[in-house]
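Residues per chain are reported as follows:
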Amino acid sequence: MSDTKTLYAAFAAKIDAVLSALEAEAVLPPDCPRQNVSVEPPRDPSHGDLATNAAMVLAKQAKTNPRALAEKIVEHLTRDPLIESAEIAGPGFINLRLADTAWLEELAAIAKLGAEYGRSTIGAGKRVNVEYVSANPTGPMHMGHCRGAVVGDALASLLEYAGHDVIREYYVNDAGGQVDVLARSAFLRYKEALGHDIGAIPEGLYPGDYLKPVGEALAKELGDRFVDEPEDEWLPIFRAQAVTAMMEQIRADLALLGIKHNVFSSEAALQMAGKPEQAEKWLREHDLVYDGVLEQPKGKVLDDWEPVELPLFRSTRFGDDQDRPIRKSDGKWTYFGADLAYHMQKAEGADELIDIWGADHAGTVKRIKAAVAALSEGQGKPIPFDVKLVQMVQLLRNGEPAKMSKRSGNFVTIADMVEEVGKDVVRFTMLTRKPDAQMDFDFAKVVETSKDNPVFYVQYAHARICSTLRKGAAEGLEPSDADLSGLGADEMALIAQAAQFPREVEAAAKAREPHRIAFYLYDLASAFHSYYNLGNDDAQKRIILAQDPALSAARLFLSVQIGQVLRNGLALLGVDAVEEL
RNA sequence: GCGCCCGUAGCUCAGUUGGAUAGAGCAUCGGAUUCCUAAUCCGGGGGCCACAGGUUCGAAUCCUGUCGGGCGCACCA
């Protein structure tokens, strides 16, 4: 698809071609490494539209100084009609200024590609499994899950847009002790629904009201026959029912944020299928699991410490502090033991794995990465595996930290949040900082100063474009590219900003950092607002000019394309591109 | 005590994976609406990129150490 190659990629290719020509002329030695050669828009716009460091990087190999080499490169570049000027600056940068036709070609590309403008093929043929949220099915989604959910969803969309085949997966922890606690809590609510006085919810059980409907449903379905039965009789039934109910709740909560997974994997099913046993067997055969006794951790006093022999994974071989148990002393799997088998299961259906975890699990990254590396390499299919940590969100309400513990039953749910400030605000805010830095989310502040929220700024730019088009149509002016000759420097600058979108998509996808798209959209919106406001100082610069229909049509055409890029970016973030505010 | 993450304007944060004179928003000061949405725009002031070394043509970015904040540290998930 060379005809749809985006502008920055095309110019990078041109410079590459020049370097090849110089190799042919023996100015450069053959096959000299070029991976450090960059072609990017310079930070300072006065340096031109594009800059390359090629001369500085390659001067040594050419056995000359950067400026001398730069002159040779410039000589070639100036032959290109799309390059208006090429100047050598500073220590040896080559600054290029592009001809208007180059920008107008890009504008045409946006018009032609529409929603596909920005889509990349860098991930073609790669199937990536992104696992995110994976909250325990013990209650509604709360703010502690929110950031990882939004970041994971946006990352999945971004990778898809960059050409990957993406699996959006949720791991359901329906096999551990927490879901037994859930079942016991549901049992109490069941008795309550049948008219028994249950008093206060005992310490250690989930006190939240959200289990009341679950208890009522159980009472309706099962009647009173389990009320006086021993736990063994009812626990599996109550557990299954409660987990199902919680997962329905969680799916509904995620839907409020516009999040949908396509695979839900059950930990219980994984264990039923004997996957952890298979993994253990293989690990033991390769001396990666052995029976041993852990030492008491230093720096922490444990009253109830007892040395026990457990099957341990040799994670210390991979830089971990301690070897890690894969089974508990009762013979059941630890979370880690099941999790490593789960990762092997995911690896069977993907070329690459990404997990989005909360930073409170940072301490477990080494062991799981070690296990995946050991198993996948040992089984002949080394698999790239990345754990992205999202840092804690400190949620404040009226200046006071809000509790976010499920056990307390006193938490701010995602449903509350979306109802109060809206999906778009929640999503955009979570994506307007890099995920590995802590953030404060002051509830009251977001509500009060919502007009200062960047999401409105970007949406306003889009809405403004829509309203301008409506206004134009009312005056009989329609966007058209029939005559773009009236477009000048102001318009070219705006196109240049839009033209960066494909680069940003690729850079963000490579770095697995969806927040970059949010910042880019802010910049693009800002460029459009500036452009729009030129018309306030100089009436000739307004988009709609009744006395000049050709120029109006061209400017409206430009506006349509800017709106398109805004829509494409907002779609990646899962934020609506509204037509009116 | 150990491991991981972070430290950039008064505040909240970006910084194109090592590039040129470090940028936005809020706050502050000063301007722009008989005119396409002023939820916007233009301009001023504000910096030892926590600190100290190192790597190189070049460091906020990479390495080492120190200080400060967060998270975690047996068979909980």
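Residues numbered from 1 in each chain as written. Chains lettered and ligands numbered in written order. Predicted model: local features only at pLDDT ≥ 70, side-chain atom pairs only at ≥ 80, totals over all residues. Heavy atoms only, no water.

Under an unreviewed UniProt entry, the name given to chain A is Arginine--tRNA ligase, and the organism recorded is Alteraurantiacibacter aquimixticola. For chain A, the Subcellular location (unreviewed entry) comment in UniProt is given as "Cytoplasm". Listed under Catalytic activity (unreviewed entry) in UniProt, the entry text for chain A is "tRNA(Arg) + L-arginine + ATP = L-arginyl-tRNA(Arg) + AMP + diphosphate". (UniProt positions renumbered as here; feature names shortened; annotations may be inferred.)

**Student:** Where do I start with the protein's contact with RNA strand B in this structure?
**Tutor:** The local shell around RNA strand B holds 70 residues, among which Trp-305, Lys-328, Ser-329, Tyr-460 and Arg-542 are the closest. Counting only atoms of RNA strand B within 4 Å of the protein, the sugar-phosphate share comes to 62%. For RNA strand B, a phosphate oxygen lies 3.3 Å from a polar atom in the backbone of Gly-177. Here a base nitrogen of RNA strand B sits 3.0 Å away from a polar atom, N or O, in the side chain of His-361. Listed by contribution, the elements that provide at least two residues to the surface near RNA strand B are α2 (54-58), β4 (93-98), α6 (177-193), α16 (454-474), α18 (501-511) and α19 (515-537). (Near = heavy atom within 4 Å. Polar contact = N/O pair within 3.5 Å; in protein donor to acceptor, adjacent residues only side chain to side chain. Helix = DSSP H or I, 4+ residues; strand = E, 2+ residues; numbered from the N terminus.)

**Student:** Looking at this structure, how should I read the pairing of strand β9 (residues 309-313)?
**Tutor:** On a regular strand, one side chain projects to one face of the sheet and the next to the other, so that they alternate. A large share of β9 lies buried, amounting to four of its five residues. The pairing of β9 with strand β10 (residues 324-325) spans two bridges and is classified as antiparallel. The residue bridging Leu-312 from the neighbouring strand is Pro-325, located in β10. (Buried < 20%, exposed > 50% of the residue type's maximum accessible area, 1.4 Å probe, protein only. Pairing = 2+ DSSP bridges.)

**Student:** Looking at this model, I keep getting lost on a negative patch on the surface. Mind explaining?
**Tutor:** Residues Asp-224, Asp-228, Glu-229, Asp-232 and Glu-233 make up a contiguous surface patch of negative charge. By the secondary structure assignment, Asp-224 is in the loop between α7 (212-222) and α8 (231-256). (Patch = residues over 30% accessible without salt bridge, like charges linked within 9 Å, V, L, I, M, F, W, Y side chains within 5 Å. Areas by Shrake-Rupley, 256 points an atom, 1.4 Å probe, with all protein chains shown as cover. Salt bridge = Lys/Arg side-chain N within 4 Å of Asp/Glu carboxyl O. Lys, Arg positive; Asp, Glu negative; His and termini not counted. Charge placed at Lys NZ, Arg CZ, Asp CG, Glu CD.)

**Student:** I keep staring at the UniProt feature "domain: DALR anticodon binding" (unreviewed entry) in chain A and nothing clicks. Help me out?
**Tutor:** The UniProt entry lists residues 458-581 under the feature "domain: DALR anticodon binding" (unreviewed entry), expressed in the numbering used here. Within residues 458-581, the helical portion is 69% and the strand portion 0%, while the C-alpha atoms at the span's ends are 11 Å from each other.

**Student:** Looking at this model, I keep getting lost on the side chain of Glu-131. Mind explaining?
**Tutor:** With respect to the helices and strands, the residue Glu-131 is situated in strand β5 (residues 127-131). Discounting residues that sit within four places of it in the chain, Glu-131 has contacts with Glu-169, Tyr-171, Tyr-342, His-343, Lys-346, Ile-354, Asp-355 and Ile-356. (Contact = heavy atoms within 4.5 Å.)

**Student:** I tried to follow the UniProt feature "short sequence motif: 'HIGH' region" (unreviewed entry) in chain A on my own but got confused; where do I start?
**Tutor:** Per the UniProt record, "short sequence motif: 'HIGH' region" (unreviewed entry) is annotated on residues 135-145. In residues 135-145, the share of helix is 27% and the share of strand is 0%. The end C-alpha atoms are 7 Å apart.

**Student:** It is not clear to me how unusual backbone geometry should be interpreted in this structure. Could you clarify?
**Tutor:** The general pattern is negative phi for most residues beyond glycine and trans for most peptide bonds. A positive phi is found at Ala-26, a non-glycine position, where the angle reads about 65°. Note that Ala-26 resides in the loop between α1 (7-24) and β1 (39-40). One non-glycine residue with positive phi stands out, namely Asp-287, at about 55°. On the secondary structure map, Asp-287 appears in the loop between α10 (275-285) and β8 (289-293).

**Student:** Would you mind going over empty space enclosed by the protein with me for this structure?
**Tutor:** Unoccupied space between atoms shows up once a probe the size of one water molecule is rolled over them. For the coordinates displayed, the defined rule picks out one cavity of 30 Å³ or more. Of the volumes computed, that of the largest cavity is approximately 30 Å³. If you tally residues by element for the lining of the largest cavity, the top one is β4, at three residues. Taken together, the residues that form the lining of the largest cavity break down as one nonpolar, four polar and two charged. (1 Å grid on protein atoms, 1.4 Å probe; cavity = no way out; pocket = protein on both sides within 12 Å on 5 of 7 lines; lining within 4 Å. Points joined across faces, edges and corners; volume = space filled by probe spheres on them. Nonpolar A, V, L, I, M, F, W, Y, C, P; charged D, E, K, R; others polar.)

**Student:** Explanation requested: the sheet that holds β5 in the structure shown.
**Tutor:** Adjacent strands of a sheet pair through backbone hydrogen bonds, lying either parallel or antiparallel. Taken in spatial order, the five strands of this open sheet run β7-β6-β5-β11-β12, and their pairing is parallel. Single-partner strands in this sheet number two, and they are β7 (263-266) and β12 (385-390). The sheet shows a mean angle of 25° between the axes of neighbouring strands, taken without regard to direction. Along the sheet, helix α5 (residues 143-161) makes contact with β5, β6 (165-172), β11 (352-358) and β12, crossing β6 at roughly 155°. (Axes fitted to C-alpha atoms, helices over the stretch in contact; angles between N-to-C directions.)

**Student:** Could you clarify how one ought to interpret the pairing of β11 in this entry?
**Tutor:** Across the seven residues that make up β11, a large majority, six, are buried. Bridge count between β5 and β11: four bridges; the pairing is parallel. Looking at the pairing, Asn-129 lines up with Leu-353 of β11. In this fold, the crossover linking β11 to β12 by way of helix α12 (residues 365-378) has right-handed handedness. (Right-handed = clockwise from strand over helix to strand, strands pointing away.)

**Student:** I keep staring at the side chain of Asn-453 and nothing clicks. Help me out?
**Tutor:** You can see Asn-453 is positioned in the loop between α15 (443-448) and α16. With relative accessibility at 9%, the residue Asn-453 sits in the buried group. A polar side-chain atom of Asn-453 sits 3.0 Å from the main-chain amide nitrogen of Val-455. Apart from the residues lying within four places of it in its own chain, the contact partners of Asn-453 are Val-425 and Thr-429.

**Student:** Where do I start with the sheet that holds strand β2 (residues 50-52) in this structure?
**Tutor:** If you walk across this open sheet you meet the four strands as β1-β2-β4-β3, and the pairing is antiparallel. Two strands close off the open sheet at either side, each with one partner strand: β1 and β3 (83-89). Taken together, the two bridges between β1 and β2 define a ladder with antiparallel strand orientation. In the strand pairing of β2, Glu-40 is matched with Ala-51.

**Student:** Teacher, can you tell me more about the environment of Asp-483 here?
**Tutor:** Of note, Asp-483 is situated in the loop between α16 and α17 (489-498). Among the residues examined, Asp-483 registers a relative accessible area of 36% and is labelled partly exposed. Separated by 278 residues in sequence, Asp-483 and Leu-205 have C-alpha atoms that sit 71 Å apart. Here Asp-483 is in contact with Ala-550 and Ala-554, once residues within four sequence places are set aside. Looking at Asp-483, its side chain comes within polar contact range of the side chain of Ser-485, at 2.5 Å.

**Student:** How should I be thinking about the packing of aromatic side chains in this particular structure?
**Tutor:** Two descriptors summarise a pair of aromatic rings, namely the distance from one centre to the other and the angle between the planes of the rings. This model, assessed by the stated rule, comprises 16 aromatic pairs. Ring geometry for Phe-226 and Phe-238: centres 6.1 Å apart, planes at 90°, overall edge-to-face. Remark: Phe-238 occurs in helix α8 and Phe-226 occurs in the loop between α7 and α8; sequence separation between them is 12 residues. Neither Phe-226 nor Phe-238 differs from the other in exposure class; each is buried. The interplanar angle of 65° and the centroid separation of 5.4 Å between the aromatic rings of Trp-234 and Phe-238 together place this pair among those described as edge-to-face. Here the residue Trp-234 and the residue Phe-238 both occupy positions in helix α8, the gap between them amounting to four residues, near one helical turn. You'll find Trp-234 and Phe-238 in the same group, each marked buried. Through a chain of ring-to-ring contacts, the aromatic side chains of Phe-187, Tyr-190, Phe-226, Trp-234 and Phe-238 assemble into a single cluster. Here the basic side chain of Lys-14 rests over the ring of Phe-11, its NZ or CZ set 5.3 Å away from the ring centre. Positioned above the aromatic ring of Phe-264, the side-chain terminus of Arg-251 is 4.1 Å from the ring centre. (Phe/Tyr/Trp six-rings, centres within 6.5 Å; stacked < 30°, edge-to-face > 60°. Lys NZ or Arg CZ within 6 Å of the ring centre and 35° of its normal.)

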